[in-house]
Amino acid sequence: ISIVPIWQAELCLCLRQERTSQPMSIDECCKDGRDRGIDNQDCTALPLISESTTCRIVQEQCCATVLEDSICTNGINMAKDQGGCDTQFPGSTCETKTAKVCVSVREYVCVCVFVHMCIHCTNTCCAQECVGNGTCACFKGYKLKPDGKNCEDINECLLGASNCRGGERCINTLGSFRCQREVSCGTGYELTDNNNCKDIDECESGTHNCAPDFMCQNTQGSFRCRPKNQCGDGYIQDALGSCIDINECLAQTGPCHPGQSCMNTVGSFTCQRNSVNCGRGYHLNDNGNRCVDIDECKGPDGECAGHGCINLVGSFRCECKIGFIFNSISRVCEDINECRHYPGRLCAHKCENAVGSYKCSCTQGFKLASDGRNCDDLNECESSPCSQECANVYGSYQCYCRRGYQLSDRDGINCEDIDECALPTGGHICSYRCHNTPGSFHCNCPATGYTLAPNGRSCQDVDECVTGTHTCSETESCFNVQGGFRCLSFECPPNYRRAGEKARVERSDTVRCVKSCQPNDISCVLDPVHSVSHTVISMPTFREFTRPEEIVFLRTMSMAHSSPHISSDIVFDILEGNVQNSFDIVKREEHGIIVGVVRQVKPLIGPLNMVLKLAMNYVTSGVVSHRNIVSVHIFVSEFWF
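Residues numbered from 1 in each chain as written. Predicted model: local features only at pLDDT ≥ 70, side-chain atom pairs only at ≥ 80, totals over all residues. Heavy atoms only, no water.

**Q** What is the right way to look at the overall build of the protein chain in this model?
**A** Looking only at helices and strands, one finds 11 helices and 44 strands in the protein chain. The proportion of buried residues among the 641 residues of the protein chain is 31%. Across the protein chain, contacts joining residues at least 24 apart in sequence account for 35% of those joining residues at least 6 apart. Per element, the accessible surface of the protein chain, about 39800 Å² overall, is 50% carbon and sulfur. (Helix = DSSP H or I, 4+ residues; strand = E, 2+ residues; numbered from the N terminus. Buried < 20%, exposed > 50% of the residue type's maximum accessible area, 1.4 Å probe, protein only. Contact = heavy atoms within 4.5 Å. Areas by Shrake-Rupley, 256 points an atom, 1.4 Å probe, with all protein chains shown as cover.)

Structure follows, in structure tokens:
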């Protein structure tokens, strides 16, 4: 069933007044509604496609018409097939408003068709009423379609047949319409069933917030809290219910008679007769009817408190003493602050004000001069403020200390002993041990074997072999070592004899044995060892061992540059006693002579004794022609000096 022409006819009057920001034709609005009705959507909750109210109504009504036609057609067909309407139609959408209305119409139409079919009516009536003679009629809110059989809803909103008031929007329903407010009622009002705004009585509903001491009074759209206790006469009640006294003297005009003064009281007021008020410097006479001058200068001190006083009519004037000035406002003599009036002109240092005068004082380190204004330097050293020495300076003094002492950082007055032994260089002041003394220090040496040098700091070795303080026997030789001596006895091996007496060479003492073979002793002659020597050397424990130390020099008689026709060489070697490889031998040239130098290459910590057996091999054409053996007796002291 097509309804487009009917809607176009009914909406023609409304379209002239409708203005939208996005104009859409009636056909477009109705087509969208029909499509959604065919999809069986809820026609009362369609998504809006335009802001136009007219388009929204057309969209809803076209949807409802398609849905009603579909449901009614199904009802007619069921009536023909079943002969009754008791069975629910499958797939019926009775949960929506349109479906519910259509169900009512569908059942009635179904019954009507069934009745006419039973009586073999020639025309089938699909309307809501059959009035006889095959004539159909519709209920209120519906109208008969041109076919004379079917009914369609009357849109009262489009025809202007609604009774909606201003601020309300007309919404068409099947067979009727409803009015809906476009603006809410606002705070304090509620919407009634007849679409009116009704005042909410907060006092009756209990939604007010009045305190227990207040009672609730309803007003249109709100309420008021009024105190339960009312104030009496002479009081006014504030918002919190408190009673505030009314000042009748200010609230009323002239509450008292002329010649009277109003005096406010709590809750009321009183009237008092006016009295004569005299100005400053006057008072009432004995009769109380006239003001006379007050003589402020009368009395022991008067108003000037010891200063000269001159009475004036209605006032007085003080003749102030030196150092005071008269204040015309307070009418008293006030002290003159000379220090503030004449800054820097009265005193050399500090000025202190006094009543009627001033006095000068000096800063620390000075004393007041005889003129009472200037300041002289104070010699603080006369009172011996320092523990040792004092030097007076202008306005102050300086303490200083004697040698071996230093000025205390705490007070700058007392002198404290300098611990020379604890200074960063204290370990190098004395060779052995340092002992601090008040203002100085002294050095000590080991108990035996050393003596203090003339400089009072170094320790010198005592040569017991020279001084004769050794204990060696006649068969032993005395060898001096650092911090002591050694009694040693060297015997030459068989086939060797001592060469000369012992002699001192630099830091070592040497005993040399040369080969002396017996006649016809071939093995002795063939032995390559020509000499056996013993030497003694004493060494300190080096405090800082940073490089090799040369300790023994083995000098030969061979020239460094021999004839090219002779293939000869000297090879030095350490045979025994090289503990932890602490020594090595290097060969070098000195003054054209080959020399073997024994070096200490690792630190040794004494006391330590060892024997280093060395060999000087004379090699000719690759063969050792002869050899000299040197045994070095090394004594390492425990001290570094």
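Don't stop here, the text continues.
**Q** Would you mind showing me how to read the nonpolar core here?
**A** Looking at soluble globular proteins, one finds that nonpolar side chains tend to be buried together. I551, F583, V598, L612, L614, V632 and I634 are the most contacted members of the largest nonpolar core, which totals 22 residues. For this core, the secondary-structure elements that each account for two or more residues are β38 (529-539), β39 (549-559), β40 (568-576), β41 (583-590), β42 (593-600), β43 (608-620) and β44 (623-636). Examining the composition of this core, we find that five residues originate from one element, β43, more than from any other. Look past the residues within four positions of V598 in its chain and what remains in contact with it is E549, E550, I551, V552, F583, D584, I585, L612 and L614. Among the nonpolar cores identified, the runner-up in size contains seven residues, and F479, L488, V511 and F635 belong to it. (Core = buried A, V, L, I, M, F, W, Y, C linked by side-chain atoms within 4.5 Å.)

**Q** How should I be thinking about the UniProt feature "domain: EGF-like" (unreviewed entry) in the protein chain in this particular structure?
**A** Mapped onto the present numbering, the UniProt feature "domain: EGF-like" (unreviewed entry) falls at residues 377-416 and 417-460. The span residues 377-416 shows a helical share of 0% and a strand share of 40%, and its end C-alpha atoms are spaced 29 Å apart. (UniProt positions renumbered as here; feature names shortened; annotations may be inferred.)

**Q** I'm lost on the state of the cysteines in this one. Help?
**A** Disulfides are covalent bonds that connect the sulfur atoms of two cysteines. Following the criterion strictly, the structure yields 27 disulfides and no others. Bridging C30 to C62, the disulfide has an S-S length of 2.0 Å. Taking the torsion about the S-S bond as the criterion, the C30 to C62 disulfide, at about -105 degrees, is left-handed. Of the two residues, C30 sits in helix α3 (residues 26-38) while C62 sits in helix α4 (residues 53-82), which places them 32 residues apart along the sequence. (Disulfide = S-S within 2.5 Å.)

**Q** Honestly, unusual backbone geometry in this entry has me stumped. Any pointers?
**A** A negative phi holds for most residues other than glycine; trans holds for most peptide bonds. G606 connects to P607 through a cis peptide bond whose omega is 0 degrees. Turning to its location among the elements, P607 is positioned in the loop between β42 and β43. Residue S384 is not a glycine yet carries a positive backbone phi of 50 degrees. Even without glycine at this site, N581 takes up a positive phi of about 50 degrees.

**Q** Can you help me understand the packing of aromatic side chains in this one?
**A** Across all of its chains, the model carries nine aromatic pairs by this definition. Summarising the aromatic geometry, the rings of Y432 and F641 are spaced 6.1 Å apart at their centres and angled 80 degrees between planes, so their arrangement reads as edge-to-face. Here the residue Y432 occupies a position in the loop between β28 (415-417) and β29 (433-437), and F641 occupies one in the segment after β44, the gap between them amounting to 209 residues. Between Y450 and F641, the ring centres sit 5.0 Å apart and the planes meet at 75 degrees, which makes this aromatic pair edge-to-face. Of this pair, Y450 sits in strand β31 (residues 450-452) while F641 sits in the segment after β44, placing them 191 residues apart in sequence. The class for F641 is buried, based on a relative accessible area of 13%. Within the aromatic cluster, the residues linked to one another by ring pairs are Y432, Y450, F639, W640 and F641. (Phe/Tyr/Trp six-rings, centres within 6.5 Å; stacked < 30°, edge-to-face > 60°.)

**Q** I keep staring at the environment of F572 and nothing clicks. Help me out?
**A** Here F572 is to be found in strand β40. Considering only alpha carbons, one finds F572 and V597, 25 residues apart in sequence, at a separation of 9.1 Å.

**Q** Got a minute to help me understand the sheet that holds β41 in this structure?
**A** Pairing between the strands of a sheet is mediated by backbone hydrogen bonds and can be parallel or antiparallel. The antiparallel open sheet is built from three strands, whose spatial order is β39-β42-β41. A single partner strand is all that each edge strand has here, and the edge strands are β39 and β41. Within this sheet the neighbouring strands show an average axis-to-axis angle of 25 degrees, counted without direction. Where β39 and β42 come together, seven bridges link them in antiparallel fashion. Within β42, the residue paired with R555 across the bridge is V595. (Pairing = 2+ DSSP bridges. Axes fitted to C-alpha atoms, helices over the stretch in contact; angles between N-to-C directions.)

**Q** I tried to follow the environment of N172 on my own but got confused; where do I start?
**A** Following the sequence through the fold, N172 ends up in strand β5 (residues 168-173). Separated by 15 residues in the primary sequence, N172 and C157 have C-alpha atoms spaced 6.0 Å apart. Not counting the four nearest positions on each side in its chain, N172 is found in contact with E60, Q61, D153, I154, N155, E156, C157 and F177. At a separation of 3.0 Å, a polar atom in the side chain of N172 contacts the side chain of Q61. (Polar contact = N/O pair within 3.5 Å; in protein donor to acceptor, adjacent residues only side chain to side chain.)

**Q** Where do I start with the pairing of strand β19 (residues 324-327) in this structure?
**A** In the sheet, β19 pairs with strand β20 (residues 332-335) via four bridges, with the strands oriented antiparallel. From the neighbouring strand, F326 faces β20, where its bridge partner is C333. Counting the residues in the hairpin turn of β19 and β20 gives four residues, including R331, whose phi is positive at 55 degrees.

**Q** Explain the pattern of salt bridges here, please?
**A** When charged atoms on two side chains of opposite charge get close, those side chains can pair. Within this structure, the stated rule accounts for 10 salt bridges. With a closest N to O distance of 3.2 Å, K31 and D35 form a salt bridge. With a gap of four residues between them, K31 and D35 both fall in helix α3, about one helical turn apart. Using a relative accessible area of 46% as the deciding quantity, one classes K31 as partly exposed. E389 is the partner of R402 in a salt bridge, and the nearest nitrogen-oxygen pair spans 3.2 Å. Of this pair, R402 sits in the loop between β26 (396-400) and β27 (405-407) while E389 sits in strand β25 (residues 389-393); the two residues are 13 residues apart in sequence, bridging distant segments of the chain. (Salt bridge = Lys/Arg side-chain N within 4 Å of Asp/Glu carboxyl O.)

**Q** Teacher, can you tell me more about the pairing of β5 here?
**A** The side chains of a regular strand alternate, first on one face of the sheet and then on the other. With five of six residues buried, β5 lies mostly within the body of the structure. Between β5 and strand β6 (residues 176-181), which pair antiparallel and follow one another directly, the connecting turn spans two residues, one of which, G175, has a positive phi of 80 degrees.

**Q** Quick question: what am I supposed to make of α3 here?
**A** For the α-helix, the turn length of 3.6 residues means that residues three or four positions removed from each other point alike. Taking 1.5 Å as the rise per residue, α3 with 13 residues should run 18 Å; its terminal C-alpha atoms sit 18 Å apart, in good agreement. Those residues of α3 lying buried are I26, C29, C30, D32, G33, R36 and G37. Down the axis of α3, the sector holding all buried residues measures 155 degrees, keeping them to one side. Positive phi shows up at N40, right after α3, with a value of about 65 degrees. (Expected span 1.5 Å × (residues − 1). Arc of directions from axis to C-beta.)

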